[in-house]
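Fold and contact review
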Amino acid sequence: MSGTKPDILWAPHQVDRFVVCDSELSLYHVESAVNSELKAGSLRLSEDSAATLLSINSDTPYMKCVAWYLNYDPECLLAVGQANGRVVLTSLGQDHNSKFKDLIGKEFVPKHARQCNTLAWNPLDSNWLAAGLDKHRADFSVLIWDICSKYTPDIVPMEKVRLSAGEAETTLLVTKPLYELGQNDACLSLCWLPRDQKLLLAGMHRNLAIFDLRNTSQKMFVNTKAVQGVTVDPYFHDRVASFYEGQVAIWDLRKFEKPVLTLTEQPKPLTKVAWCPTRTGLLATLTRDSNIIRLYDMQHTPTPIGDETEPTIIERSVQPCDNYIASFAWHPTSQNRMIVVTPNRTMSDFTVFERISLAWSPITSLMWACGRHLYECAEEESDNSLEKDIATKMRLRALSRYGLDTEQVWRNHILAGNEDPQLKSLWYTLHFMKQYTEDMDQKSPGNKGSLVYAGIKSIVKSSLGMVESSRHNWSGLDKQTDIQNLNEERILALQLCGWIKKGTDVDVGPFLNSLVQEGEWERAAAVALFNLDIRRAIQILNEGASSEKGDLNLNVVAMALSGYTDEKNSLWREMCSTLRLQLNNPYLCVMFAFLTSEAGAYDGVLYENKVAVRDRVAFACKFLGDTQLNKYIEKLTNEMKEAGNLEGILLTGLTKDGVDLMESYVDRTGDVQTASYCMLQVFVSCNFCGKSISYSCSSVPHQGRGFSQYGVSGSPTKSKVTSCPGCRKPLPRCALCLINMGTPVSSCPGGSKSDEKVDLSKDKKLAQFNNWFTWCHNCRHGGHAGHMLSWFRDHAECPVSACTCKCMQLDTTGNLVPAETVQP
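None of these values were measured; they are calculated from a predicted model. (Residues numbered from 1 in each chain as written. Predicted model: local features only at pLDDT ≥ 70, side-chain atom pairs only at ≥ 80, totals over all residues. Heavy atoms only, no water.)

1. A word on helix α15 (residues 613-623)
Judged by how many residues are buried, α15 sits mostly within the fold: 11 of 11 residues are covered. The complete set of buried residues in α15 reads V613, R614, D615, R616, V617, A618, F619, A620, C621, K622 and F623. (Buried < 20%, exposed > 50% of the residue type's maximum accessible area, 1.4 Å probe, protein only. Helix = DSSP H or I, 4+ residues; strand = E, 2+ residues; numbered from the N terminus.)

Structural data, given as structure tokens:
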């Protein structure tokens, strides 16, 4: 390699040694050097490694190529190809005990002198060494030597044995190769095929040739210019890479007629290509005068099927150093590690980082692969751990059948884990709405059942100007306070808040008992106080202080309450007004705010955000007049909608405001599961009486809407439900068949063939999608879902005469193409 750029080789079996080949051979030892000073004579290779020079061999001048012996013994045996075609065995170690020490200095001499271009040790028979030489018209260019051969001719001309560095003993010369191949041709590169000891791939002058040593008279070859740097993929022995100028060709030896892939041509000639020995299908290439090494990842390359099939690759570049790179070498065992050398013999130890592939599992586990390593992201189980992802929560809730209890609706918050107070408020609200709707439907034929699902905001508006206040006595105090007289609407609001049960009885005793059983002592005491029963409030606080999990400070609060006085300028009132804000529990805070507030000025209670919305609303229904109550409910509703607080469903009900609130909640939390189950409570109501038109209402008293009416499961009946089960008024007619809604599509006279195509089941159940009520939210026209789909396959406008609404284009589903219209 005299006068050329240096090359570099890692030792095949000594993973901490490498050789730099230039005008001489230099052996280096690599050692860890993390955050430590370098030893004298050491070279820094990277942040955590350094190299120390062990020995130099200057006995083999005019080097053109070098190959490291693949066996363990001797440990540092190298074959050096010289400019005169000779191959010399040399060593960089002092292994005098090796049984192969007689090999050192042995030479293999061709018949005619010419340059040796390449060397390759046989990986299966370590004694075989192949040499590729320049062309000579009377000689072979591929010579295979047996390094243990002792054949020496009787007469050796002096010019054959004279070396540039002096004389050598004739007993170290070998002139008879084991095999001779490639007559009258030149060999530029070669490599052994690992699958067979006697198969050799050679890059000849104008072709790639596979020589079978069992029959040297025949060879398999393909004409190509890409004959330099032939190398076999160590993980896929039928895949070979070679190059010519700036282009790399990838070959499949099972289909050797042409390359299966030609990589992107580089603007400068290539100097080296090499497969990574620790990574499947990773090829590195280097061009002349470049500090970039290009990597081609063919790990997922499929086997070619057709003539035109090309495997896909991923290309990227790495820059191991700032200077031009003369050569590089992959480490034989360390994953993706290489060392590079520059023309001025500066070296750099470099690791190619793998592309990271991320994968989310259906159960939200995160894993990623990097090389041979597989990593999993696991949450630490600790009290201070972050809140679980909403996807994980929804999965766990689904496993517990969350949202599917349509009879005891309130239990769904327990199925959700009983951890979120907003979910608890939501499901109790829906439970009370369902309960009191059924009760009102059975008692009166009016339209008040739908008012319950409209929320307290609509209930309060319906009773404006109908309520007056009156003075009520306290229990345990000689005092009177103005409280609003409870009409039917305010009683309904208190029932939805959970303070009182069904019926005309307005006693909060059962509610207080349930709070005490659940250990909510502070809340129970506050509700008792709001109902003017200070004696009961003190009693509850004392019970809480004496319970196992109670707070002893509740006795102090009870003592403070017992000293209540109505005098405005009393020391008790002054101290409570000052110190109440220091209380940690919001219910204790609002108790003293209530006792120290002026009549009608209860902002300290109404705007304490840490108190449950249902308790604040119930308090407002008892103490605020109609105008104040309406303004307060309106303001609180807007706050709940903006914050996406599910407690606000108590106010909005399942109205448009409720949908807006649910939308804000989903935007904030991503909990589409709760939103979906909540919207299942929405039903199609009659225009006349407002009741649900569910078929179940026509046969039995309303016992909750099962999932059959939403298309989850079908009813086996084929009965027509063409009128409201509550008031018996006819349902709207389908805009296409002109028959009242509720009539199954299959029963419609004059049904077209296109109608029959959209039937989703042969038994034509009432719950199938074709029979669903469908209408446009813009023009309010609609009909059977099957008829609407059939119509909008061929039309853009509404089917109703004189209506120009383009209904389907208002929704994203309008751009979808039915499956049966797609051409194969």
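2. Points about the packing of aromatic side chains
Counted under the stated rule, the structure contains 23 aromatic pairs. With a centroid separation of 5.5 Å and an interplanar angle of 45°, the aromatic rings of F108 and W145 are classed as tilted. Residue F108 is located in strand β9 (residues 107-108), and its partner W145 is located in strand β12 (residues 140-146); the two are separated by 37 residues in the primary sequence. Neither F108 nor W145 differs from the other in exposure class; each is buried. Through pairs of rings, three or more aromatic residues link up here, namely W474, F530, F594, Y602, F619 and F623. Seen from the ring of Y402, R397 lies directly overhead, with NZ or CZ sitting 5.6 Å from the centre. (Phe/Tyr/Trp six-rings, centres within 6.5 Å; stacked < 30°, edge-to-face > 60°. Lys NZ or Arg CZ within 6 Å of the ring centre and 35° of its normal.)

3. Here's the deal with the nonpolar core
Counting residues in each nonpolar core, the largest one holds 90 residues, and the members touching the most others are I456, W499 and F594. Dropping the residues within four chain positions of it, W499 is found in contact with L494, D507, V508, F511, V527, F530, N531, R614, D615, A618, F619 and K622. Core analysis: the next-biggest nonpolar cluster, separate from the first, contains 19 residues, C65, L103, C116 and L119 among them. (Core = buried A, V, L, I, M, F, W, Y, C linked by side-chain atoms within 4.5 Å. Contact = heavy atoms within 4.5 Å.)

4. Brief notes about the sheet that holds strand β16 (residues 199-204)
By way of backbone hydrogen bonds, the strands of a sheet pair with one another, either parallel or antiparallel. Taken together, four strands build an open sheet; the order of strands is β15-β16-β17-β18 and the sheet is antiparallel. Edge positions in the open sheet fall to β15 (187-192) and β18 (219-223), since each of these has one partner strand only. Strand after strand, the sheet turns through a mean of 15° between neighbouring axes, direction not considered. Note that strand β17 (residues 207-212) and β18 share five bridges and pair antiparallel. (Pairing = 2+ DSSP bridges. Axes fitted to C-alpha atoms, helices over the stretch in contact; angles between N-to-C directions.)

5. Quick word on the sheet that holds strand β3 (residues 25-32)
Pairing is antiparallel across the open sheet formed by five strands, whose spatial order is β1-β2-β3-β5-β4. Every other strand in the sheet has two partners, leaving β1 (7-10) and β4 (42-46) as the edge strands with one partner each. Averaged over all adjacent pairs, the angle separating strand axes in this sheet is 30°, with direction ignored. Pairing between β1 and strand β2 (residues 17-21): four bridges, direction antiparallel. Each bridged residue has a counterpart across the sheet, and for L9 the counterpart in β2 is V19.

6. Focus: the confidence of the model for the protein
Predicted confidence across the protein gives a mean pLDDT of 80, with 81% of residues reaching 70 or more. Counting contacts from residues 695-719, a segment whose pLDDT is below 50, to residues more than four positions away or on other chains yields 47 contacts. Low confidence marks residues 816-824, where pLDDT is under 50. Its contacts with residues over four positions away, or in another chain, come to three contacts. (pLDDT = per-residue confidence, 0-100.)

7. Describing the environment of D660
You can see D660 is positioned in helix α18 (residues 656-669). With a relative accessible area of 23%, D660 lands in the partly exposed category. Along the chain, D660 and G644 lie 16 residues apart, while their C-alpha atoms are 8.4 Å from each other.

8. Digging into the packing of helix α16 (residues 626-643) against α18
As a packed pair, α16 and α18 sit with axes 7 Å apart at the nearest point and diverge in direction by 35°. Two secondary-structure elements touch here, α16 through M640, K641, E642 and A643 and α18 through D657, D660, L661, S664 and R668. Residues of the contact of α16 with α18, tallied by class, amount to three nonpolar, one polar and five charged. (Nonpolar A, V, L, I, M, F, W, Y, C, P; charged D, E, K, R; others polar.)

9. As for helix α11 (residues 553-562)
Those residues of α11 that fall on the buried side of the exposure criterion are L554, V557, A558 and L561. Down the axis of α11, the smallest arc covering the buried residues is 100°, so these residues share one side. Exposed residues lying more than 90 degrees from the buried face of α11 are V556, M559 and S562. Residues of α11 that are buried make contact with α9 (521-530), α10 (534-546) and α13 (586-596). (Arc of directions from axis to C-beta.)

10. A closer look at the packing of α18 against helix α19 (residues 672-679)
At a minimum axis distance of 9 Å, the contact between α18 and α19 shows a crossing angle of 160°. Here α18 lies roughly antiparallel to α19, going by the angle between them. With respect to the hand of their crossing, α18 and α19 are arranged in left-handed fashion. Here V659, M662, Y665 and V666 of α18 come into contact with α19, specifically with V672, T674, A675, C678 and M679. (Parallel < 35°, antiparallel > 145°, perpendicular 65-115°, else oblique. Left-handed = near helix turned anticlockwise from the far one by under 90°.)

11. Quick look at the side chain of D405
Within the element layout of this structure, D405 appears in the loop between α2 (390-399) and α3 (412-415). A distance of 3.0 Å separates a polar atom in the side chain of D405 from the backbone nitrogen of Q408. (Polar contact = N/O pair within 3.5 Å; in protein donor to acceptor, adjacent residues only side chain to side chain.)

12. A few points about the pattern of salt bridges
Where charged atoms from two side chains of opposite charge come close, those side chains can pair. The final tally for this structure, using the stated rule, is 29 salt bridges. Here R214 makes a salt bridge to D212, at a shortest N to O gap of 2.9 Å. R214 sits in the exposed class, given a relative accessible area of 56%. Judged by its relative accessible area of 21%, D212 falls in the partly exposed class. With a shortest N-O distance of 3.0 Å, D657 and K457 are connected by a salt bridge. Of this pair, D657 sits in helix α18 while K457 sits in helix α6 (residues 456-461); the two residues are 200 residues apart in sequence, bridging distant segments of the chain. Among the charged side chains, a network of salt bridges with common partners joins K424, E518, E520, R523 and D615. (Salt bridge = Lys/Arg side-chain N within 4 Å of Asp/Glu carboxyl O.)

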